[in-house]
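Remarks on the overall topology
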Amino acid sequence: MSPRVTHLTHLTDPTVTPSSRRSAWLASGEDGTPLGTAFLRLFTKEGQAHLAELDVSVHPAERRRGVGTALLDAAIASARDERRRAVIAQADRDSPADAFLTARGFRRVLSLVYARLELAGIDPDHLTRILEQPCPGYHLTRWTGVVPPELADTYAASRRAMDDMPMGDTDYGTVVWDVERVMAAAEAIAERGDVLYTVAAVHTSSGAIVGFSELVLPGPVLSGLVLPGDGKGEGQHYGTAVLPEHRGRGLGLRMKAEAIRHAHGLAPELALLTDTAEENLPMRRVNDALGYRPTHTAIEYQLDL
């Protein structure tokens with residue numbers, strides 16, 4: 001098949017977040033037909049300013065005709081101009097994108113196991129039994145949307161629980177969380193119409209938050225609107241972590257169980273999704289205990305510049 005004549009249009013996403021900005025490229029044929037896109041997210045916060053994240057998508061009918069390579073080259077050139085040290089990208093294992101990235105110099109740095117929980121099939125009593133287990137010295141608190149002001153400082157401080165999260169060989173840097181970043185992340189979720197529900201573990205004697213579990217629920221479903229397709233919708237677990245000095249007490253299991261119970265009470269037709277590093281065995285055991293079933297594995301790739 002002959003190479004596709006391609007024009008690349010460079011676009012800039014007008015939405016700049018407190019932690020990143022994004023560029024985009026549209027590939028089109030000689031007749032103006034869209035063929036594919038590339039998005040390059042440039043992280044801007046301290047600790048990650050060396051990093052960019054790439055997402056390339058080509059219409060299946062246009063693959064193996066140079067479209068993806070043209071998009072990739074443009075995005076990588078931009079990352080070099082921005083003096084980035086590394087570019088990361090993700091692809092499902094054994095997919096065309098998996099082979100594409102490997103052939104173009106990206107190396108595998110991390111495997112992520114994706115799992116799914118159908119709320120319609122859970123046993124609520126199982127969650128209740130988990131939450132009724134004694135956990136002396138700790139209790140759970142919860143909120144919807146932006147963290148309450150009286151908890152903001154201790155919640156931001158607890159985010160360092162993610163610092164030792166298994167990341168394989170990824171040059172991910174260190175995400176520096178402060179109150180501003182915590183609030184901006186919650187506001188961004190609300191602006192797109194979804195709902196952030198957070199469960200936190202509190203060290204009772206000190207009043208400090210020592211762990212958290214975030215669940216993002218689809219706003220349209222919670223508002224009673226029918227989504228395209230089966231109309232059920234999906235929620236997504238974001239971060240779940242416990243500070244190292246408070247691990248080994250089942251807090252991660254309890255927080256995630258409480259988040260699932262909350263979602264089931266709001267919309268029992270939902271499915272919840274989660275992804276975990278393949279080597280993160282403690283969190284994978286938590287997911288298994290809650291009834292999550294693996295669906296596929298994705299590979300995190302990195303190109304060292």
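Just above sits the structure.
Parameters and conventions
Residues numbered from 1 in each chain as written. Predicted model: local features only at pLDDT ≥ 70, side-chain atom pairs only at ≥ 80, totals over all residues. Heavy atoms only, no water. Helix = DSSP H or I, 4+ residues; strand = E, 2+ residues; numbered from the N terminus. Buried < 20%, exposed > 50% of the residue type's maximum accessible area, 1.4 Å probe, protein only. Contact = heavy atoms within 4.5 Å. Areas by Shrake-Rupley, 256 points an atom, 1.4 Å probe, with all protein chains shown as cover. Lys, Arg positive; Asp, Glu negative; His and termini not counted. Charge placed at Lys NZ, Arg CZ, Asp CG, Glu CD. Pairing = 2+ DSSP bridges. Axes fitted to C-alpha atoms, helices over the stretch in contact; angles between N-to-C directions. Core = buried A, V, L, I, M, F, W, Y, C linked by side-chain atoms within 4.5 Å. Salt bridge = Lys/Arg side-chain N within 4 Å of Asp/Glu carboxyl O. Phe/Tyr/Trp six-rings, centres within 6.5 Å; stacked < 30°, edge-to-face > 60°.

**A closer look at the overall build of the protein**
The helix and strand inventory of the protein stands at eight helices and 12 strands. Along the first, second and third principal axes, the C-alpha set of the protein runs to 65 × 40 × 35 Å. Counting across all 305 residues of the protein, residues that qualify as buried make up 45%. Within the protein, residue pairs in contact and separated by at least 24 positions form 70% of the contacts whose partners lie at least 6 positions apart. When the accessible surface of the protein is split by element, carbon and sulfur atoms take 52% of a total near 15,200 Å². Taken as two groups, the 32 positive and 40 negative side-chain charges of the protein have centres that lie 3 Å from each other.

**Points about the sheet that holds strand β9 (residues 208-217)**
Taken together, 12 strands build an open sheet; the order of strands is β1-β2-β3-β4-β5-β12-β6-β11-β10-β9-β8-β7 and the sheet is mixed. With one partner strand each, in any of the chains shown, β1 (7-12) and β7 (138-144) form the two edges of the open sheet. Neighbouring strand axes in the sheet, compared pairwise and without regard to direction, differ in orientation by 25 degrees on average. Pairing between β7 and strand β8 (residues 195-203): seven bridges, direction antiparallel. For T141, the partnering residue across the bridge sits in β8 and is A200. Its contacts with the sheet put helix α7 (residues 251-266) on β6 (107-118), β7, β8, β9, β10 (234-242) and β11 (271-277), and the angle it makes with β9 is roughly 35 degrees.

**Side note on the nonpolar core**
For soluble globular proteins, the rule of thumb is that nonpolar side chains tend to be buried together. Residues L119, I260, L272 and L290 are the most contacted members of the largest nonpolar core, which totals 46 residues. Aside from chain neighbours lying at most four places away, what touches I260 is L117, L119, I122, L127, H237, L272, L290 and Y292.

**Quick notes on the environment of D288**
As for its position among the elements, D288 is in helix α8 (residues 281-289). In the structure, D288 is positioned 46 residues away from V242 in sequence and 18 Å away in space, judged by C-alpha atoms.

**Observations regarding the side chain of T198**
By secondary structure assignment, the location of T198 is in strand β8. Looking at T198, the relative accessible area reads 1%, which means it is buried. Ignoring any residue separated from it by four or fewer positions in sequence, one finds T198 in contact with T141, R142, W143, Y155, F212, S213 and E214.

**Examining the side chain of K45**
Here K45 is to be found in the loop between β3 (34-43) and β4 (51-58). Taking the relative accessible area as the measure of exposure, K45 reaches 16% and is therefore buried. Apart from residues no more than four positions distant in its own chain, K45 is found in contact with P18, S19, D178, E180 and R181.

**A short note on the pattern of salt bridges**
Using the criterion set out here, one finds 17 salt bridges in the structure. Where R93 meets E278, a salt bridge forms, and the shortest distance between an N and an O atom there is 3.8 Å. Placement of R93 in the loop between β5 (86-92) and α2 (96-103) and of E278 in the loop between β11 and α8 is noted, with a sequence separation of 185 residues between them. For R93, a relative accessible area of 34% translates into the label partly exposed. The class for E278 is partly exposed, based on a relative accessible area of 31%. Through salt bridges with shared partners, a single ionic network connects R116, E118 and E234.

**Structural notes on the packing of aromatic side chains**
For any pair of aromatic rings, the description rests on two quantities: the centre-to-centre distance and the angle between the ring planes. Evaluated as defined, the whole model comprises two aromatic pairs. Ring centres of W143 and Y155 lie 5.1 Å apart, and the angle between their planes is 80 degrees; on these two criteria the pair is classed as edge-to-face. Of the two residues, W143 is situated in strand β7 and Y155 in helix α4 (residues 149-158); the sequence distance between them amounts to 12 residues. Relative accessible area serves as the criterion here: at 6%, W143 is assigned to the buried category. A residue is classified by how much of its surface remains accessible, and Y155, at 2% relative accessible area, is buried. A centroid spacing of 5.7 Å and a plane angle of 90 degrees characterise the contact between Y155 and F212, whose relative ring orientation is edge-to-face. Here F212 lies in strand β9 and Y155 lies in helix α4, a separation of 57 residues in the sequence. There is no split in this pair, since Y155 and F212 are both buried. Among the aromatic side chains, those forming a connected cluster through ring pairs are W143, Y155 and F212.

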